[in-house]
Amino acid sequence: MKYLKQSSKRHRTLTYQRAWPAELKDAARAAGKGSLFTIPTGVSVDANEVRQAVAKQIGDAEFSKAVALLRAVEKQAGYGLVTNVSINRGAKRRSGKLYNKEAASRATKVPTLYQLLSHWFQLHPEAAGKAKETRQRHWDEWISYIPQDYACIRSTIDVIHSAFDAMQDAMLTRGCAPSTVARCRNSVSGVLTWASAEYRIGWHLELKRLPKHSPTTKMPLTPEQQTRLLATCEADGDGTAAMLALMLQGGLMPSEIQRLDKDAVAESLATDVPHVVIGAAADTQTKTAARRRVVPVVIGLPLIQQSLGQAISDLQGTADPSARINKRLRSRKENVGVKTTGHALRHTFRANAVACGANHMHVAAIAGWSGSGINPVMLRYGSEGLSQSALLHALAAASREIHWHLLREVAGEGETVV
């Protein structure tokens, strides 16, 4: 089989060997590649023709990539350019051509487009779980519009732009929202921008403008729907139900509950004013300083005390905690009376606060909007720093005012809510 050789009589497997194109021989030597392109195949010398044909096909593909990179050396490292300027140290002439061995070797280490994401993942080990899967999915979408591999050189920018244009048109055609297309583009362009700086390629991305889009508003739940949701949570009585009850009265997100320390939560829920601290000492990943806050627990306390700790444990290592909440809400659509999402509960909290005219500083301190006026030092000490605070009692009173309609249902129409 052509290009498949037995390197010596001692070797029991075949090696793919192929001469470099004549115009690239000096560049290959400069890059330390030797006079032949050689890769092991792992195929026995006695293998049948089918296995040898597969090995040759793989070798041909690798050879094409290596040739593409060497051609990049000619353009990027100065190889093959005859100039009147003085020759830098380390540059020599061979066969009438000027090359720089160090620059040539460095240029051949630049990955191709097909290899680029793997290099990015190797140098960004923090990208894991759902974030890694999402970036891989976006990259696969984009790279599918590049039918063959290319060296990462400046002129490849035209191929990159063509792929972005094709991907954008295809996604919009199949009904993706412009915001979805933007997220996909940003995920890919982040890798390309990193590569351009890492390997000094000089890419300048120019992406087409996306059409304007008005996202669907996540409507808050009505008081009746909130009452039905709380009753459903009480009936379910598990960790997910406890999460929903807490989210309803504090505008929390599932990812924030996931990062809580269950021991600290158990301690703060057992105080005279039961509460949960978001952004305490154990939580170093809160989105912003404005999201650090205190959530008094005034409804569903027995459920939350009993089951929230288990929910926090179950969420450890979960890639998408929001999926659990949204799945539960979909399955309870008939009970609640509306199809909704976990994020809509944050809008619901805001609507409740506006309806009763609650103090905006108290609202911000509970839900994490700017203007709360909370001393961050108190939050970093968690329940220990807040347990004796007058602020905590004020926030609990504000929360009872915001959720008066739910407390009335729990206490009964004829009883007084304190």
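The preceding data block contains the structure.
The text that follows walks through the structure, step by step, so that each part is easy to find. Bear in mind the structure is a predicted one, so any value in this text is a computation, not a measurement. (Residues numbered from 1 in each chain as written. Predicted model: local features only at pLDDT ≥ 70, side-chain atom pairs only at ≥ 80, totals over all residues. Heavy atoms only, no water.)

### Some thoughts on the overall build of the chain
Within the chain, the secondary structure is distributed over 20 helices and 7 strands. Looking at the chain as a whole, 43% of its 418 residues qualify as buried. Here the contacts in the chain between residues at least 6 apart in sequence split such that 68% fall between residues at least 24 apart. (Helix = DSSP H or I, 4+ residues; strand = E, 2+ residues; numbered from the N terminus. Buried < 20%, exposed > 50% of the residue type's maximum accessible area, 1.4 Å probe, protein only. Contact = heavy atoms within 4.5 Å.)

### Observations regarding the pattern of salt bridges
Oppositely charged side chains are able to pair whenever their charged atoms sit close together. Enumeration according to the criterion identifies 8 salt bridges in this entry. A salt bridge links Arg-332 to Asp-236; its shortest N-O distance comes to 3.2 Å. One end of the pair, Arg-332, is in the loop between α13 (321-331) and α14 (333-336); the other, Asp-236, is in helix α8 (residues 223-236), with 96 residues separating them in the sequence. Since its relative accessible area comes to 23%, Arg-332 is described here as partly exposed. Residue classification places Asp-236 among the partly exposed positions, given a relative accessible area of 28%. A salt bridge links Arg-328 to Asp-238, with the shortest nitrogen-to-oxygen separation between them at 2.7 Å. Here Arg-328, found in helix α13, pairs with Asp-238, found in the loop between α8 and α9 (239-250); they are 90 residues apart in sequence, far enough to count as distant. Through salt bridges that share partners, Asp-236, Asp-238, Arg-328 and Arg-332 make up one connected network. (Salt bridge = Lys/Arg side-chain N within 4 Å of Asp/Glu carboxyl O.)

### Some details on the sheet that holds strand β1 (residues 4-5)
Reading across from one edge, β1-β2-β3 is the order of the 3 strands in this open sheet, with antiparallel pairing throughout. Edge positions in the sheet fall to β1 and β3 (36-44), since each has one partner strand and no second. By the bridge criterion, 2 bridges tie β1 to strand β2 (residues 13-19) in an arrangement that is antiparallel. Across the sheet, Lys-5 pairs through a bridge with Thr-15, a residue of β2. (Pairing = 2+ DSSP bridges.)

### Remarks on the pairing of strand β7 (residues 293-296)
Here β7 shows two buried faces, one formed by Arg-293 and Val-295 and the other by Val-294 and Pro-296. Alignment of strand β6 (residues 275-278) against β7, held across 4 bridges, turns out to be antiparallel. Its bridge partner lying in β7, Ile-278 is registered against Arg-293.

### Some details on the packing of helix α11 (residues 262-269) against helix α12 (residues 301-315)
Two numbers describe how α11 lies on α12: the axes approach to 9 Å, and their chain directions differ by 170°. With respect to each other, α11 and α12 are oriented roughly antiparallel. Contacts from Lys-262, Val-265 and Leu-269 in α11 reach Leu-301, Ile-304, Gln-305, Leu-308, Gly-309, Ile-312 and Ser-313 in α12. In terms of residue class, the contact of α11 with α12 is built from 6 nonpolar, 3 polar and 1 charged. (Axes fitted to C-alpha atoms, helices over the stretch in contact; angles between N-to-C directions. Parallel < 35°, antiparallel > 145°, perpendicular 65-115°, else oblique. Nonpolar A, V, L, I, M, F, W, Y, C, P; charged D, E, K, R; others polar.)

### Things to note about a positive patch on the surface
A surface patch of like charges, here positive, comprises Lys-327, Arg-330, Lys-333 and Lys-339. Locating Lys-333 in the fold gives a position in helix α14. A relative accessible area of 38% means that Lys-333 is categorised as partly exposed. (Patch = residues over 30% accessible without salt bridge, like charges linked within 9 Å, V, L, I, M, F, W, Y side chains within 5 Å. Areas by Shrake-Rupley, 256 points an atom, 1.4 Å probe, with all protein chains shown as cover. Lys, Arg positive; Asp, Glu negative; His and termini not counted. Charge placed at Lys NZ, Arg CZ, Asp CG, Glu CD.)

### A few points about the nonpolar core
Among the nonpolar cores identified, the biggest contains 35 residues, and Leu-246, Ile-257, Val-276 and Leu-308 are the most heavily contacted of them. Put simply, the parts of the chain that give this core at least two residues each are α8, α9, α11, β6, α12, α13 and α20 (404-411). In terms of residues, this core owes the most to one element, α9, which gives 8 residues. If near-sequence neighbours (up to four positions away) are discounted, Leu-308 is found in contact with Ala-242, Met-243, Leu-246, Ile-257, Val-265 and Leu-303. Within the second largest apolar cluster, 30 residues are counted, among which are Leu-113, Ile-157, Phe-164 and Ala-195. (Core = buried A, V, L, I, M, F, W, Y, C linked by side-chain atoms within 4.5 Å.)

### Topic: the side chain of Thr-232
One can find Thr-232 in helix α8. Using a relative accessible area of 9% as the deciding quantity, one classes Thr-232 as buried. Of note is the side chain of Thr-232, whose polar atom sits 2.8 Å from the backbone oxygen of Arg-228. The contact partners of Thr-232, leaving out residues within four places of it in the chain, are Arg-332 and Asn-335. (Polar contact = N/O pair within 3.5 Å; in protein donor to acceptor, adjacent residues only side chain to side chain.)

### Comments concerning the packing of aromatic side chains
A full pass over the atoms with the stated rule returns 9 aromatic pairs. Aromatic side chains Phe-37 and Phe-63 sit 5.5 Å apart centroid to centroid with 70° between the ring planes, which places their arrangement in the edge-to-face category. On the criterion of sequence distance, the pair formed by Phe-37 in strand β3 and Phe-63 in helix α2 (residues 49-76) is long-range, its members being 26 residues apart. With respect to class, Phe-37 is no different from Phe-63; both count as buried. Of the aromatic side chains, those joined through ring pairs into one cluster are Tyr-3, Tyr-16, Trp-20, Phe-37 and Phe-63. The positively charged end of Lys-132 is found above the aromatic ring belonging to Phe-121, 5.0 Å away from the centroid. (Phe/Tyr/Trp six-rings, centres within 6.5 Å; stacked < 30°, edge-to-face > 60°. Lys NZ or Arg CZ within 6 Å of the ring centre and 35° of its normal.)

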